[in-house]
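# Residue-level structural notes
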Amino acid sequence: MKKILFTTLALILLGALIGVFAFINADKLIDRYIEGQSEGITFRTDVMEGDAMRLITIGTSAPLPSDRNQSCNVVIANGQLLVFDIGRGTAQAIERIRLPQPLIEAVFITHWHSDHFVDLPQLINRSWQLGRKHPLPVFGPEPIDTILRGINAMLSKEQQFRQEVHGVSIMDVSEASVITQEIHISGDQSKVVYDKGGVRVTAFEVDHHPVSPALGYRIDYQGKSIVISGDTRRSENLATHAKGADILVHEAMQMDFIRRAAQLQKESGEERNAIMLEGMAEYHSSPMDAAEVAQRAGVKKLILSHLAPVPENPISRRFFTKGMDEVYSGPILLAEDGDIFIIKLNKAK
Ligand SMILES: [Zn+2]
Ligand SMILES: [Zn+2]
C-alpha cells in the first residue's frame, strides 16, 4: 500500500515538474515547434546530386483498396526531376518527402486511367505555388489536349486569387501554365519525346487494350537506363524497349488472388464486384509475366509495382513472387511507397 502511495506521489511530482518546465520554457518550445514545422517547406537536395541516376517509387498500388499511393515514379538525372504518372495520393507524397517541385522538368502520363493521373491538377498547382518559374511540359497520349484544357479551366480562378494576394513577382499566373505534349505512336514504333542535357525519354506502346494508346517510357542517361512499363498485359514490345535496362519497373497483379477474390464475391452475391475484378485480370500482368519480360529483355533489376493485392507481410510477399526466380535470374524487388533506388554513374575518364 505504502509503495503504491509513494509511486503515485512521485508521478504527481514529476508531472508538476514537467508542467513548470514547460511553462517557463513555453516560448522556446513554441520556437522549436515552428522550426520543426517549417522544415517541411524546405526542399531536400540530396536526391538531386549529379553522381547517380535515381528512381523514387512514390506510389506503388493498383486501384484496389489500400493505404498506399497509386501509380507514380520519379526519375532524377543530371539535376532534372521527371515525374511518371501521378495517381491518387502522390502529389501530397511528393510534397511530404520534400522533393524540390520547382525543379520538375516534365510530367509523363502513361494512359488515362485515373489511378495514373488524378493528382495532376494538384501537382501543377503546388509546383507553381512552391516556386516553379516555367510552364510545365506534360507528355501523354491523346486526348491530352482536352484533359489539360479542363485542368487549366479548373485551376484558373484559384491561380488568379493567389496572384492577387501574393503579387505577380511571387506568383505569376503566366508561369502556372502547362505545355501540352501529345505523343503519337502505334504498334512497335517508339519515339524520343524528351532530350535535354543528355537525359533522353523514349515512349513506346504497351498492351492495355481496350485502353489505347497506353505507353511505357524508357529513360536513358550516360549509358544507364530505367524503364517504366505503365499498365500492360505481357508485352513483347515492352521487352524490346527494355533491352539491357538497369531497372525495369513492371506492373504486377497476383492473378490467383484476383480470380479467387472474384469467385468469393460471386459466391456472396456481389456480382458487380466479381465482374470488375475479372475485368482487371484481363488487361494486366501477373508477376510471372513480368519475370518473363525481364528475362527476355535481360534487365539488371526487376521492380514490381502497381501491386494488387499490396503484399504487406513476409508471407504475402513470398506468395506474390513465388516461382519468379525460376524464370528471371536477376534481383526481384517489390516496390514500396517512397523507396529510392540509386544507379551510380560511371566516373568520367
Ligand atoms: Zn490502367
Ligand atoms: Zn493502373
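Located above this text is the structure these notes cover.
Residues numbered from 1 in each chain as written. Chains lettered and ligands numbered in written order. Predicted model: local features only at pLDDT ≥ 70, side-chain atom pairs only at ≥ 80, totals over all residues. Heavy atoms only, no water.

Another aspect to go through is the pattern of salt bridges. Scanning the entire structure with this criterion turns up 16 salt bridges. The partner of Asp51 in a salt bridge is Lys344, and the shortest N-O contact between them spans 2.9 Å. Linking Asp51 in the loop between helix H2 (26–39) and strand E1 (52–59) with Lys344 in strand E14 (residues 339–344), this pair joins segments that are 293 residues apart in sequence. Judged by relative accessible area, Lys344 falls into the exposed class, the value being 52%. The shortest N-O distance in the salt bridge between Arg126 and Glu95 comes to 2.6 Å. Of this pair, Arg126 sits in helix H4 (residues 120–129) while Glu95 sits in helix H3 (residues 90–96); the two residues are 31 residues apart in sequence, bridging distant segments of the chain. Here the residues in one salt-bridge network are Asp51, Arg54 and Lys344, joined through shared partners. (Salt bridge = Lys/Arg side-chain N within 4 Å of Asp/Glu carboxyl O. Helix = DSSP H or I, 4+ residues; strand = E, 2+ residues; numbered from the N terminus. Buried < 20%, exposed > 50% of the residue type's maximum accessible area, 1.4 Å probe, protein only.)

This part takes up the coordination of the zinc ion (ligand 2). In this structure, Asp115 (OD), His116 (NE2), Asp231 (OD) and His306 (NE2) serve as the protein donors to the zinc ion (ligand 2), at separations of 2.1 to 2.2 Å. Going along the chain, you hit the donors of the zinc ion (ligand 2) in the pattern D-H-x114-D-x74-H. Metal-to-metal, the separation of the zinc ion (ligand 2) and the zinc ion (ligand 1) is 3.5 Å; Asp231 coordinates the two. Placement of the pair is Asp231 in the loop between strand E10 (224–228) and helix H6 (236–241) and His306 in strand E12 (residues 302–308), with a sequence separation of 75 residues. (Donors = N, O, S within 2.8 Å, 3.2 Å for Na, K, Ca; no water.)

Further remarks concern the pairing of strand E7 (residues 190–196). Judged from the six bridges that link them, E7 and strand E8 (residues 199–205) form a sheet pairing that is antiparallel. Paired with Asp195 across the two strands is Arg200, which belongs to E8. Here E7 hands over to E8 after two residues, with Gly197 in that stretch at a positive phi of 55 degrees. (Pairing = 2+ DSSP bridges.)

As a benchmark, a tetrahedral metal site with four donors has ideal angles of 109.5 degrees, while an octahedral site with six donors has ideal angles of 90 or 180 degrees. Coordination of the zinc ion (ligand 1) by the protein is provided by His111 (NE2), His113 (ND1), His208 (NE2) and Asp231 (OD), with metal-donor distances spanning 2.1 to 2.3 Å. Around the zinc ion (ligand 1), the four donor atoms sit at angles spanning 91 to 156 degrees, and that spread fits a shape best called irregular. For the zinc ion (ligand 1), the donor residues sit on a single chain with the sequence spacing H-x1-H-x94-H-x22-D. (Tetrahedral: all angles 85-135°; square planar, octahedral: opposite > 155°, others 65-115°.)

Together, Leu5, Leu9 and Ile12 line one region of the surface with nonpolar side chains, adding up to about 320 Å² of accessible area. Mapped onto the elements of the fold, Leu5 is located in helix H1 (residues 2–24). (Patch = residues over 30% accessible without salt bridge, like charges linked within 9 Å, V, L, I, M, F, W, Y side chains within 5 Å. Areas by Shrake-Rupley, 256 points an atom, 1.4 Å probe, with all protein chains shown as cover.)

Where H4 contacts helix H5 (residues 144–166), the two axes come as close as 10 Å, and the packing angle between them is 35 degrees. As H4 runs across H5, the sense of the crossing is right-handed. When H4 is examined against H5, the residues Leu120, Pro121, Ile124, Asn125, Trp128 and Gln129 are found in contact with a partner set consisting of Leu148, Ile151, Met154, Leu155, Glu158, Gln159 and Arg162. A class-by-class count of the residues in the contact of H4 with H5 yields eight nonpolar, three polar and two charged. (Axes fitted to C-alpha atoms, helices over the stretch in contact; angles between N-to-C directions. Left-handed = near helix turned anticlockwise from the far one by under 90°. Contact = heavy atoms within 4.5 Å. Nonpolar A, V, L, I, M, F, W, Y, C, P; charged D, E, K, R; others polar.)

This part is about the pairing of strand E6 (residues 178–182). Alignment of strand E5 (residues 136–140) against E6, held across five bridges, turns out to be parallel. Within the sheet, the bridge partner assigned to Gly140 lies in E6 and is Glu182. Once the chain exits E5 it traverses H5 before rejoining the sheet at E6, and the crossover so formed is right-handed. (Right-handed = clockwise from strand over helix to strand, strands pointing away.)

This part covers the packing of aromatic side chains. Given two aromatic rings, one states the distance between the centres and the angle between the planes to describe the pair. For the structure on display, the rule yields seven aromatic pairs. Relative to Tyr194, the ring of Phe108 has its centre 5.9 Å away and its plane inclined at 80 degrees; by these criteria the two rings are edge-to-face. One end of the pair, Phe108, is in strand E4 (residues 104–108); the other, Tyr194, is in strand E7, and 86 residues separate them in sequence. Look at Phe108 and you get buried, because its relative accessible area is 0%. According to the relative accessible area criterion, Tyr194 is buried, its value standing at 8%. Put simply, the rings of Phe84, Phe108, Phe139, Tyr194 and Tyr217 touch in pairs and so form one group of aromatic residues. (Phe/Tyr/Trp six-rings, centres within 6.5 Å; stacked < 30°, edge-to-face > 60°.)

The subject of this paragraph is the environment of Pro331. Structurally, Pro331 is set in the loop between helix H10 (314–321) and strand E13 (332–334). Residues Pro331 and Leu302, 29 residues apart in the sequence, show an inter-C-alpha distance of 6.3 Å. Excluding residues that lie within four positions of it along the chain, Pro331 makes contacts with Lys300, Lys301 and Leu302.

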